[in-house]
Amino acid sequence: MSLSKLVLQSMKKNMKHYYLYFFALIFSVTLYFSFVTLQNNSEVWAAVQMSGTAAAGFKAATYILYFIVLFFVLYANHLFMKRRSKEIGLYQLIGMTKGLIVRLLAIENILLFVGAVIIGMLAGFFSSRVFAMILLRVLEKEALVTMTFSTQALQQSMIVFAILLIIVLIQMAWMIHRVSLLSLFSAAKQADERVRRFSALQMVIGFMGLILIVYGYYVSTKLFDIESAGNLFINMIIILATTIGGTFLVFRFSVAFIMNTIRLKKKGHLSIQDVLALTPIMHRMKSNAKSLTLITVLTGVSLGVTTLSYIAYYSSEASAYSQVPGDFILLEEQGHSFLEKLEENNIAYNKIDYRLQGVTASVGQLMSKKQQDNPLYTMEGTIYTIPLSDYQQSVPEAKLSGNEVILTNYGGYMAEMFPLEKDHDLVVSAGELEETFHVVDVHDKSVISGIVTAGGGGPIFVVTDDMFKSLTTQAALYPWHHQTTITLKSNEDIAAAEKLYIQSNAGIIMAVDDKGKTQQYTQSSYEGKRKDNIESLGLTIFTTAFLGLAFLMTTGSILYFKQMSEAEEERGSYTILRKIGFAEKDIMKGIYMKQAFNFGVPLVIGLLHSYFAVKSGWFLFGTELTAPLWIAMCCYIALYTIFAILSVGYYKKVVRESL
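Residues numbered from 1 in each chain as written. Predicted model: local features only at pLDDT ≥ 70, side-chain atom pairs only at ≥ 80, totals over all residues. Heavy atoms only, no water.

**Student:** I would appreciate a short explanation of the overall build of the protein chain in the present structure.
**Tutor:** Helix and strand content of the protein chain: 22 helices and 11 strands. Of all 659 residues assigned to the protein chain, the portion counted as buried reaches 51%. Taking all contacts inside the protein chain whose residues are at least 6 apart in sequence as the whole, residues at least 24 apart take part in 84%. Of the roughly 31,400 Å² of accessible surface on the protein chain, a fraction of 63% belongs to carbon and sulfur atoms. (Helix = DSSP H or I, 4+ residues; strand = E, 2+ residues; numbered from the N terminus. Buried < 20%, exposed > 50% of the residue type's maximum accessible area, 1.4 Å probe, protein only. Contact = heavy atoms within 4.5 Å. Areas by Shrake-Rupley, 256 points an atom, 1.4 Å probe, with all protein chains shown as cover.)

If you want it as structure tokens, here you go:
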């Protein structure tokens, strides 16, 4: 029989093995081709160029995506070879050399790759338009996306998957040449490790895994504390080492130990559910520990990165408001022509005038005692004050007397990293004048432009009108003296008012700084700042969400493939159970428990990893944690649940066919 006929017969006979591997290849090609097609779409490219880092972002995402595809295909090929190990052993028994077997499987792989690349590219071409529409929606861009076939994307994808094919062939040849004939017949069972008894050392190591994870979580909560700021890099290494190492030990020892303890407590009275759930989990920990650790860590990393990007995108409005706390901000006595234009066009608005007076102070005086070693504690800078009567226009219930002050406008990552406390005295100066403030409250409400506070979220003191009057004797020492906040009465007027704001150049401000030099500042409108944030962060959230989805689909698919493989290996056991009288529903109860563990434990630990990773530094990316975190986590839970349901469905099919 010629090699070509042998290949065709082999492929026909192994259709049930091929479809799993074929699906993995098609999925990988679809994912990659749709992304590079999107990258080469002229409409998409025109929309994302405003971000300034579009080229670098797409390039970095492409490399990461290739890593995901490589990891997924190599794992699928390994599983595929394992399921065909007996067949390869038979080929050797009938006299075929290893070289001939490698050529046989190489031809099969090439045919599969060619078919998968063609189908995957077609699917990727059509799905790329959906992804392009999602990206433009995220960027709030109105543009018509046409479906154009990119020859550049075609060439890039063909080169990438040709390289991937070579790597897969090398992996396959290496697997065939390194194993013995005997091991090929037992390869399908190599995942199992019979756990006969547990030593005290294993118990201690399993417990240490839990301790390491908890310690990693604890260090992550202190990552940006002032006391540990100098050891940031070392602490990050410690967090990675303890959580990843602890996760491996938990899967390697702790889970099997817990399952064995439960089994021993039953003193031999095991139900059918125990046999089908506890025992398989306990016996498969050796090989599963590595893959489950990898899946859990990848889940945690991808969910963490996706959540942080979403926090930045979700907080774009709050971030814009901290810079521009009103629809429009007019500084000093400039921009009044804009108000005249609003009135000429019958655009109704509310106006609040804030008088400003700078003082020199160190906010370190408001820090807790444990933060007194921080360099900021003695660092002095300019902080602006506003009179109570101006502040009461936006906060009518505010009250002060004597030297009492309210610290407001203080938010963002500075407030998280360097929290300030009320009920403290603070000495401030303005030239020769010196005053002592008593801070009675600390608020994060934004009222003053980020230009005045040298960045969004900078602190502002609200003082009594008498105190403000005495401070203004030093007005010449500080550049900012007046702010007018404009808020439109109707959101429908925003577009028209934006045009008038630009036409009147109200955002271009000239001011004399504290060194006597005239400086030009550009004050954006709130809507302009919000759109800038979205355009700069939209591509980042899209690419990280795309990669997060790719990671999730990959890890979920690997778990699903593993369960399919285990279901086939346990088919004989189900046949025996059915023959001795156990009904399908009795067997499925144990399988439900097993699947809840196989999908639930990696997901729960991955969610915990991502939660503590995000919690440690989320404030560097935005102002809102809860909603983005819950939304991202719910999406992951939903997709993992789908994989678990598919897995249970496959088990049910195997159990039904086993009799």
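Next comes the rest of the description.
**Student:** It is not clear to me how unusual backbone geometry should be interpreted in this structure. Could you clarify?
**Tutor:** Negative phi characterises most residues that are not glycine, and trans characterises most peptide bonds. Backbone geometry at Asp423 places phi at a positive 60°, although glycine is not the residue there. Here the phi dihedral of Asn505 falls at roughly 55°; this positive angle occurs in a residue that is not glycine. When you line up the elements, Asn505 lands in the loop between helix H18 (494–503) and strand E10 (508–512).

**Student:** What is the right way to read the pattern of salt bridges from this model?
**Tutor:** Opposite charge on two side chains permits them to pair, given that their charged atoms come into close proximity. In total, this model carries 8 salt bridges according to the counting rule given. Here Lys594 makes a salt bridge to Glu566, at a shortest N to O gap of 3.2 Å. Of the two residues, Lys594 sits in helix H21 (residues 584–617) while Glu566 sits in helix H19 (residues 526–569), which places them 28 residues apart along the sequence. Each member of the pair Lys594 and Glu566 is classed as buried. (Salt bridge = Lys/Arg side-chain N within 4 Å of Asp/Glu carboxyl O.)

**Student:** I tried to follow the packing of helix H20 (residues 571–579) against H21 on my own but got confused; where do I start?
**Tutor:** Relative to each other, H20 and H21 sit at 140°, their axes nearing to 10 Å. With respect to H21, the element H20 is oriented oblique. Remark: the crossing between H20 and H21 carries right-handed chirality. On the side of H20, the interface is formed by Tyr574, Leu577 and Arg578, while H21 contributes Glu584, Ile587 and Ile591. For the contact of H20 with H21, the residue count by class is 4 nonpolar, no polar and 2 charged. (Axes fitted to C-alpha atoms, helices over the stretch in contact; angles between N-to-C directions. Parallel < 35°, antiparallel > 145°, perpendicular 65-115°, else oblique. Left-handed = near helix turned anticlockwise from the far one by under 90°. Nonpolar A, V, L, I, M, F, W, Y, C, P; charged D, E, K, R; others polar.)

**Student:** Explain a nonpolar patch on the surface to me, please; I cannot follow it from the model alone.
**Tutor:** On the surface, Ile110, Val114, Ile118, Ile119, Leu122, Phe126 and Met147 cluster together into a nonpolar patch covering about 640 Å² of accessible area. Along the polypeptide, Leu122 turns up in helix H6 (residues 98–138). (Patch = residues over 30% accessible without salt bridge, like charges linked within 9 Å, V, L, I, M, F, W, Y side chains within 5 Å.)

**Student:** Whenever I open this one, the pairing of strand E5 (residues 404–408) confuses me. Can you help?
**Tutor:** Consecutive residues of a regular strand have side chains that alternate between opposite faces of the sheet. Among the 5 residues in E5, 4 count as buried, and that is most of the element. Relative to strand E7 (residues 433–442), E5 runs parallel, the two sharing 4 bridges. Counterpart to Val405 in the pairing with E7 is Val439. Pairing between E5 and strand E8 (residues 460–463): 3 bridges, direction antiparallel. Note that in E8 the partner of Thr408 across the bridge is Ile460. (Pairing = 2+ DSSP bridges.)

**Student:** Could you clarify how one ought to interpret the nonpolar core in this entry?
**Tutor:** Counting residues in hydrophobic clusters, the biggest one holds 132 residues, and the most contacted among them are Tyr21, Leu65, Phe113, Phe161, Phe437 and Phe461. Tallying contributions element by element places H6 first for this core, with 15 residues. In this view, Phe437 contacts Thr385, Asn403, Val405, His424, Asp425, Leu426, Val428, Phe461, Val463, Met467 and Leu471; residues no more than four positions away in its chain are not counted. Listed in part, the 26 residues of the second largest apolar core include Tyr354, Tyr391, Val395 and Ala511. (Core = buried A, V, L, I, M, F, W, Y, C linked by side-chain atoms within 4.5 Å.)

**Student:** So what exactly am I meant to see when it comes to the packing of aromatic side chains here?
**Tutor:** Here the distance between the centres and the angle between the planes together describe a pair of aromatic rings. A complete count under the given rule lists 18 aromatic pairs for this structure. Here Tyr217 and Phe612 contribute two aromatic rings whose centre-to-centre distance is 4.1 Å and whose plane-to-plane angle is 10°, an arrangement assigned as stacked. A residue pair is termed long-range when its members are at least 10 positions apart, and Tyr217 in helix H9 (residues 200–221) and Phe612 in helix H21 qualify at 395 residues. For Tyr217, a relative accessible area of 10% corresponds to the buried category. For the ring pair Trp480 and Tyr521, a centre distance of 5.1 Å and an interplane angle of 65° mean the geometry is edge-to-face. With Trp480 in the loop between helix H17 (465–471) and strand E9 (482–488) and Tyr521 in strand E11 (residues 518–522), this pair connects stretches of sequence that are 41 residues apart. (Phe/Tyr/Trp six-rings, centres within 6.5 Å; stacked < 30°, edge-to-face > 60°.)

**Student:** Please explain the packing of helix H5 (residues 85–93) against H6 as it appears in this structure.
**Tutor:** Helices that pack against each other are described as a pair by the angle of their axes relative to one another and the distance between those axes. At their nearest, the axes of H5 and H6 sit 10 Å apart, and the two run at 135° to each other. It follows from the interaxial angle that H5 and H6 lie oblique. Seen along the crossing, H5 lies across H6 with a hand that is right-handed. Between H5 and H6, the contacting residues are Ile88, Tyr91 and Gln92 on the first element and Lys98, Ile101, Leu104 and Leu105 on the second. Partitioned by chemical class, the residues of the contact of H5 with H6 number 5 nonpolar, 1 polar and 1 charged.

**Student:** Can you walk me through the environment of Thr62 in this structure?
**Tutor:** Counting through the fold element by element, Thr62 comes out in helix H4 (residues 54–83). The spatial distance from the C-alpha of Thr62 to the C-alpha of Gln39 is 9.3 Å, given a sequence separation of 23 residues. Residue contacts for Thr62: discarding those within four places in its chain leaves Tyr32, Phe35, Val36, Gln39 and Gln156.

**Student:** Explain the side chain of Glu527 here, please?
**Tutor:** Residue position: Glu527 is located in helix H19. Residue classification places Glu527 among the buried positions, given a relative accessible area of 16%. If near-sequence neighbours (up to four positions away) are discounted, Glu527 is found in contact with Ile494 and Glu498.

**Student:** Sorry if this is basic, but what is going on with the environment of Asn235 here?
**Tutor:** With respect to the helices and strands, Asn235 occurs in helix H10 (residues 232–265). For Asn235, a relative accessible area of 12% corresponds to the buried category. For the pair formed by Asn235 and Leu223, sequence separation is 12 residues and the distance between their alpha carbons is 6.7 Å.

**Student:** Before we go on, may I ask you to explain the sheet that holds strand E1 (residues 328–331) in this structure?
**Tutor:** Note on sheets: strands pair through backbone hydrogen bonds, and any given pair is parallel or antiparallel. Read across the open sheet, the 3 strands follow the order E1-E9-E2; overall the sheet is antiparallel. Single-partner strands in this sheet number two, and they are E1 and strand E2 (349–355). Across the sheet, the mean angle from the axis of one strand to that of its neighbour is 20°, orientation sign disregarded. Direction of pairing for E2 relative to E9: antiparallel, over a ladder of 7 bridges. Bridge pairing links Asp353 to Thr484 in E9. The sheet contacts of helix H14 (residues 336–344) involve E1, E2 and E9, and relative to E2 the element is tilted by about 160°. Contacting E1 and E9, H18 crosses the sheet at an angle of about 25° to E1.

**Student:** Is there a simple way to explain H21 in this structure?
**Tutor:** One turn of an α-helix holds 3.6 residues; hence residues three or four places apart share an orientation. Between the first and last C-alpha of H21 there are 49 Å, a value that for 34 residues agrees with the 50 Å anticipated at 1.5 Å per step. By the largest-angle criterion, Gly600 marks the main kink of H21, which is about 30°, and a proline, Pro602, follows within four residues. (Expected span 1.5 Å × (residues − 1). Bend = angle between axes of the 7 residues up to and from the residue.)

**Student:** Looking at this structure, I do not really get the pairing of E11. What am I missing?
**Tutor:** Among the 5 residues of E11, 0 are classified as buried, and the element is accordingly described as predominantly exposed. Bridge analysis of E10 against E11 gives 5 bridges, and the strand direction is antiparallel. Opposite Val512, over in E11, you have Thr518 as the bridge partner.

**Student:** Just to check I follow, could you spell out the side chain of Gln483 for this structure?
**Tutor:** For Gln483, the location among the structural elements is in strand E9. By relative accessible area, Gln483 is classed as buried at 0%. A polar atom in the side chain of Gln483 sits 2.9 Å from the backbone nitrogen of Ser449. (Polar contact = N/O pair within 3.5 Å; in protein donor to acceptor, adjacent residues only side chain to side chain.)

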